[in-house]
Amino acid sequence: MGFDTTSPVAGSWSGQFEGLDATSISATGRVAGAQADPVGAVGPTNAKGVGQYLEFAGNFVQAFDRATASGIFAKTSNGTAAPQPITTLFAPSGSSYCSNPSLDGIASYDRIDGVFFLGNLFRASGAYYLCVGVSAAGGSVPANNLEGTNGQSRWNVYAYNVTPALPKNAFGTSYFPDYARFGNWSDGFYISWDLEDPAHNFNIVGFEVCKLDKSDILVGLSTNAPQCYTYIPSYVVGTTGTDKSLIHTILPADFEGENAIPSSTAGEYFLAQVNPSNAGTNVPCSVLPCTSNQLAFWTWSGLTNGAAPTYMLLKYHAFTPGCYNPKTPANTYCVPEPYGGLIDSVGDRLMSRLAYRYITTGVVGEYLAVTHTVQEAGTTKRTGIRYYKIKASKTPTTVFIGDVQDTTHGYFLSLPSVAMDKYGNLGITYTATGNTSFGSSTSYDPSPYFVSVNSSTGTPNLPVAILSNSGLSGQDETDQYWGEYVSVASDPNDDLTFWGVDEYMNGNQVSNCSYKLQIGSGCTWASRIYTCQLGSGC
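Conventions used here
Residues numbered from 1 in each chain as written. Predicted model: local features only at pLDDT ≥ 70, side-chain atom pairs only at ≥ 80, totals over all residues. Heavy atoms only, no water. Helix = DSSP H or I, 4+ residues; strand = E, 2+ residues; numbered from the N terminus. Rg over C-alpha atoms; globule rule 2.2 N^0.38 Å. Contact = heavy atoms within 4.5 Å. Areas by Shrake-Rupley, 256 points an atom, 1.4 Å probe, with all protein chains shown as cover. Pairing = 2+ DSSP bridges. Buried < 20%, exposed > 50% of the residue type's maximum accessible area, 1.4 Å probe, protein only. Disulfide = S-S within 2.5 Å. Axes fitted to C-alpha atoms, helices over the stretch in contact; angles between N-to-C directions. Phe/Tyr/Trp six-rings, centres within 6.5 Å; stacked < 30°, edge-to-face > 60°. Core = buried A, V, L, I, M, F, W, Y, C linked by side-chain atoms within 4.5 Å. Salt bridge = Lys/Arg side-chain N within 4 Å of Asp/Glu carboxyl O. Polar contact = N/O pair within 3.5 Å; in protein donor to acceptor, adjacent residues only side chain to side chain.

Q: Run through the overall build of the protein, naming residues and quoting values.
A: Scanning the protein from N- to C-terminus turns up three helices and 32 strands. The C-alpha radius of gyration of the protein comes to 22 Å, within 12% of the 24 Å expected for a compact globule of 538 residues. Seen along its three principal axes, the alpha-carbon backbone of the protein occupies a region of about 65 × 55 × 55 Å. Taking the contacts inside the protein whose residues are at least 6 apart along the sequence as the reference set, 63% of them involve residues at least 24 apart. Within the structure as shown, the protein displays about 19500 Å² of accessible surface, and the carbon and sulfur contribution to it stands at 50%.

Here is the structure:
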C-alpha cells in the first residue's frame with residue numbers, strides 16, 4: 001500500500017513556500033476538513049539531491065520536493081500532483097476501519113530508523129481504530145525517499161482496534177479518545193490521547209498512552225498488540241468526583257538529532273501541564289487568581305508501574321493557562337480575531353511537540369523542550385508563549401524558562417510548537433493576532449510567526465513574521481477553532497535549520513466551512529512551510 005507519485009515539477013523557492021490549502025483540495029473534487037491543523041516532517045536529502053517534506057492538514061497529505069517545493073503525491077502513478085486523503089494510505093484493505101478520520105493527524109520523520117510516519121484516530125462501526133503507516137523501501141530506493149519506484153511510494157500500514165483498551169465510564173460507555181500526540185523513541189512509537197467522557201460534556205478525565213511494536217512495523221510484519229496504560233486520577237470518578245482531570249494531554253518525548261539515545265537513559269519521557277486548582281483540593285480553580293506552578297513528568301517505566309507523576313516545581317514561574325476562565329475552565333476561548341470572533345488558545349495543555357535531544361557538547365545530557373500558551377495580561381487576557389528547556393532524567397530539572405509576548409502592539413500569541421537544533425537552541429512557531437477592542441494597537445489577522453531562543457542565555461531573539469496577513473485577508477471561522485496543531489522540526493541535513501508549518505487564512509472563511517456539519521466548500525485555510533535558523537533569520 002502507499003501513495004501514487006509523480007516526478008517533481010521544476011522550480012525553486014527561498015525561505016518559504018505554500019503547503020496544503022483548502023482551495024487546492026477542493027479543486028480535486030473532494031471536501032477539505034474545516035480545520036487545517038497542519039503538521040509536517042522533513043526528511044534528508046540524498047546523494048542525488050532528492051528529499052521531501054511531508055505535510056498533513058485537513059485530513060489530506062502531500063509530500064513536497066525539498067529542492068523545488070512541488071508536490072509528488074498524485075491520484076495516479078506519474079499523473080498530476082494533487083493532495084491525497086489520508087484514507088488513501090489504508091485502501092483498499094483498511095477501508096472499513098480507516099475511512100472516518102479525526103482532524104488531529106500525525107506526520108513525523110523517524111531520524112532513528114529513517115522512515116516517515118503517518119497516523120490518525122478513526123471511528124468505524126462504533127469502534128475506535130488507530131491507523132498508522134511508515135514509509136518502506138522499494139527496490140533500491142530507501143524508505144526515506146517518498147518518490148518510491150515506478151510511480152509508487154510504498155508503506156507498511158496497520159489498523160489497531162483500540163476500543164478494548166479504552167476504559168469505560170459509569171454507564172459502561174467507552175471514553176472518547178481525542179487529541180492524539182506522538183513521540184518517536186528507539187524502542188517504539190508512542191501515541192497518547194485524551195480520554196473524554198461522553199456522559200459529561202466530553203470533559204477530559206485523564207489520558208491513555210500506547211506503545212506500538214516498532215520493530216515489526218518497520219519491516220512490515222504482523223505486530224504485537226499496542227501496550228496501553230491509562231491515567232484517570234481517583235478524584236475524577238465516582239459520585240463525588242470532579243469529572244475533570246487537572247492533568248491531561250500528556251506529550252511523549254519525540255527524538256531528534258544525530259546522537260543516539262544513551263544507554264543511561266531512564267527511558268521514554270512524558271510531560272503534561274498541571275492546571276490550577278482551588279487551594280488544598282483537586283477541584284479546578286474557581287477563585288481568582290488561578291495559577292499553577294507545576295508540570296507533571298513520567299517515564300515509561302513509571303507509567304507502566306502505575307507510579308504517580310514527578311511534579312516539577314516551577315519556582316518563580318507560576319502561570320495562568322491561556323484564556324483560563326474560572327467559571328468554565330475547559331473553555332479557553334479568548335484570542336480575538338479582527339472581525340470579533342474568538343479563537344481557542346488551547347491553553348489548558350502543553351502543545352505538541354515534546355522535543356528530545358541528546359547533546360554531547362557543552363553540558364552533556366538528555367534535553368527536552370516544550371511550549372504552551374499562557375496569560376500575560378490580566379485585564380485584557382492577552383496571551384503569550386511560555387517555553388521550557390529541561391534536563392531529562394528520573395529527576396528532571398529546568399535549564400531555563402522564558403516567555404515570548406507582544407507588549408509593543410498588544411497582539412495575542414498562541415498555538416506554539418518547538419524544536420531544538422544540535423546546539424540546543426530552540427525554534428518556535430506560533431500565531432499572532434490582534435483586535436483593538438481587546439487592547440491591540442491595530443486589528444491583525446492571525447498570522448504565522450517564528451522565534452528562536454539562544455541555548456546559552458535562554459532569551460528569545462526578535463520574532464520574525466513568516467506571513468503578515470493584516471489588511472490582506474480576513475478570518476471569519478464560524479466554529480471558533482483556528483486550529484490546534486502546528487509543528488516545527490530540525491533538518492536532518494545540517495541539524496541546524498528549523499522547518500516549520502503554520503496556518504493562515506487566504507481570504508475570508510465563510511459560513512459553509514464547518515467542522516460540525518462536515519462541509520468545506522467555503523473553507524479558505526492555507527498553510528505555509530518555511531525554514532529558519534538561529535542568527536540567520538528566515
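Q: How would you sum up unusual backbone geometry? Please name residues and give values.
A: Generally, phi is negative for residues other than glycine and the peptide bonds are trans, each holding for most cases. In this structure, the amide linkage connecting Leu-288 to the following residue, Pro-289, adopts the cis form with an omega of 0°. Mapped onto the elements, Pro-289 comes out in the loop between β17 (269-274) and β18 (294-299). A cis amide bond links Ser-352 with the next residue in sequence, Arg-353, at an omega value of 20°. Tracing the backbone shows Arg-353 in strand β22 (residues 351-359).

Q: Summarise the pairing of strand β11 (residues 152-161); cite the residues concerned and give the values.
A: Pairing of strand β1 (residues 2-5) with β11, which is carried by three bridges, proceeds in the antiparallel orientation. Note on β11: the bridge partner recorded for Gly-2 is Arg-154. The sheet contact formed by strand β10 (residues 127-135) and β11 spans seven bridges and is antiparallel. Its bridge partner lying in β11, Gly-133 is registered against Val-157.

Q: Can you break down the environment of Lys-391 residue by residue, with the values?
A: Topologically, Lys-391 is positioned in strand β24 (residues 383-392). Taking relative accessible area as the criterion, Lys-391 reaches 28% and is therefore assigned partly exposed. Once the C-alpha coordinates of Lys-391 and Tyr-358 are considered, the two residues, 33 residues apart in sequence, prove to be 9.8 Å apart. Residues contacting Lys-391, with those up to four places away along its chain left out, are Val-363, Val-364, Gly-365, Glu-366, Tyr-367, Pro-396, Thr-397 and Val-399.

Q: Outline the environment of His-317, listing residues and values.
A: Along the polypeptide, His-317 turns up in the loop between β19 (310-313) and β20 (333-336). C-alpha separation for the pair His-317 and Thr-291, spaced 26 residues apart in sequence, amounts to 9.9 Å. Contact partners of His-317, with chain neighbours within four places excluded, come to Arg-386 and Ile-401.

Q: Account for the sheet that holds strand β3 (residues 39-42), naming residues and giving values.
A: One open sheet holds the four strands; their spatial order is β3-β4-β5-β7, and the pairing between them is antiparallel. In the strand order of this sheet, the two ends are held by β3 and β7 (84-85), each with one partner. Sheet analysis places strand β5 (residues 60-65) next to β7, joined by two bridges and oriented antiparallel. Bridge pairing in β7 places Phe-60 opposite Pro-85.

Q: Give a description of the state of the cysteines that names residues and reports values.
A: Cysteine pairs can be covalently joined through their sulfur atoms, and such a bond is termed a disulfide. A full pass over the atoms with the stated rule returns four disulfides. Disulfide partner of Cys-98: Cys-131, at an S-S distance of 2.0 Å. Around the S-S axis, the bridge from Cys-98 to Cys-131 shows a dihedral of about -80° and counts as left-handed. Of this pair, Cys-98 sits in the loop between β7 and β8 (106-110) while Cys-131 sits in strand β10, placing them 33 residues apart in sequence.

Q: Could you give an account of the sheet that holds strand β2 (residues 16-21), with specific residues and numbers?
A: With antiparallel pairing, four strands are arranged side by side in an open sheet as β2-β32-β31-β30. If you trace the sheet from one side to the other, it starts and ends with β2 and β30 (487-490), each paired once. Pairs of neighbouring strands in the sheet enclose a mean axial angle of 25°, with direction left out of account. Two strands pair when backbone bridges link them, and β2 and strand β32 (residues 525-532) are joined in this way by four bridges, in the antiparallel orientation. Bridge pairing links Asp-21 to Ala-526 in β32.

Q: Give me the packing of aromatic side chains: which residues, what numbers.
A: Under the criterion given, the structure shown has 34 aromatic pairs. With centroids separated by 5.8 Å and ring planes inclined at 85°, the aromatic side chains of Phe-176 and Phe-202 adopt a geometry described as edge-to-face. With Phe-176 in strand β12 (residues 176-185) and Phe-202 in the loop between β13 (188-197) and β14 (203-212), this residue pair connects regions lying 26 residues apart in the sequence. A residue is classified by how much of its surface remains accessible, and Phe-202, at 41% relative accessible area, is partly exposed. Relative to Trp-298, the ring of Tyr-231 lies with its centre 5.1 Å away and its plane at 70°, an arrangement referred to as edge-to-face.

Q: Got a sec to walk through the nonpolar core? Specific residues and values, please.
A: Membership of the largest hydrophobic core comes to 47 residues, with the highest contact counts inside it found for Leu-54, Phe-73, Leu-118, Leu-146, Trp-155 and Trp-525. Among the elements that take part in this core, strand β9 (residues 115-124) stands out by supplying four residues, more than any other. Counting 37 residues, the second-largest nonpolar core is a separate cluster that includes Leu-350, Leu-354, Tyr-358 and Ile-390.

Q: Describe in detail the side chain of Thr-332, supporting the description with residues and values.
A: Structurally, the position occupied by Thr-332 is in the loop between β19 and β20. Under the relative-accessibility criterion, Thr-332 is labelled buried at 1%.

Q: Please set out the pattern of salt bridges residue by residue, giving values where relevant.
A: The full count for this structure, using the stated rule, is 12 salt bridges. Among the ionic pairs, Arg-528 bridges to Glu-18, the shortest N-O distance being 3.0 Å. In this pair, Arg-528 sits in strand β32 while Glu-18 sits in strand β2, placing the two residues 510 residues apart along the sequence. The exposure class of Arg-528 is buried, given its relative accessible area of 15%. When its relative accessible area of 27% is taken as the criterion, Glu-18 is described as partly exposed. With a shortest N-O distance of 2.9 Å, Asp-491 and Arg-66 are connected by a salt bridge. Taken together, the residues span a long stretch of sequence, with Asp-491 in the loop between β30 and β31 (498-505) and Arg-66 in the loop between β5 and β6 (73-74) at a distance of 425 residues.

Q: Account for the side chain of Arg-353, naming residues and giving values.
A: The class for Arg-353 is buried, based on a relative accessible area of 8%. A polar side-chain atom of Arg-353 sits 3.3 Å from a polar atom in the side chain of Glu-256. Apart from the residues within four sequence positions on either side, Arg-353 is in contact with Leu-251, Asp-254, Phe-255, Glu-256, Ala-369, Val-370, Ser-417, Val-418, Ala-419, Val-488 and Ala-489.

Q: Tell me about the pairing of β24, and please be specific about residues and values.
A: Buried residues dominate β24, accounting for nine of its 10 residues. In the sheet, strand β23 (residues 365-375) pairs with β24 via 10 bridges, with the strands oriented antiparallel. Bridge assignment links Val-370 to a residue of β24, and that residue is Tyr-388. Both β24 and strand β25 (residues 397-404) contribute to a ladder of seven bridges, which runs antiparallel. The residue of β25 that forms the bridge with Ile-390 is Thr-398.

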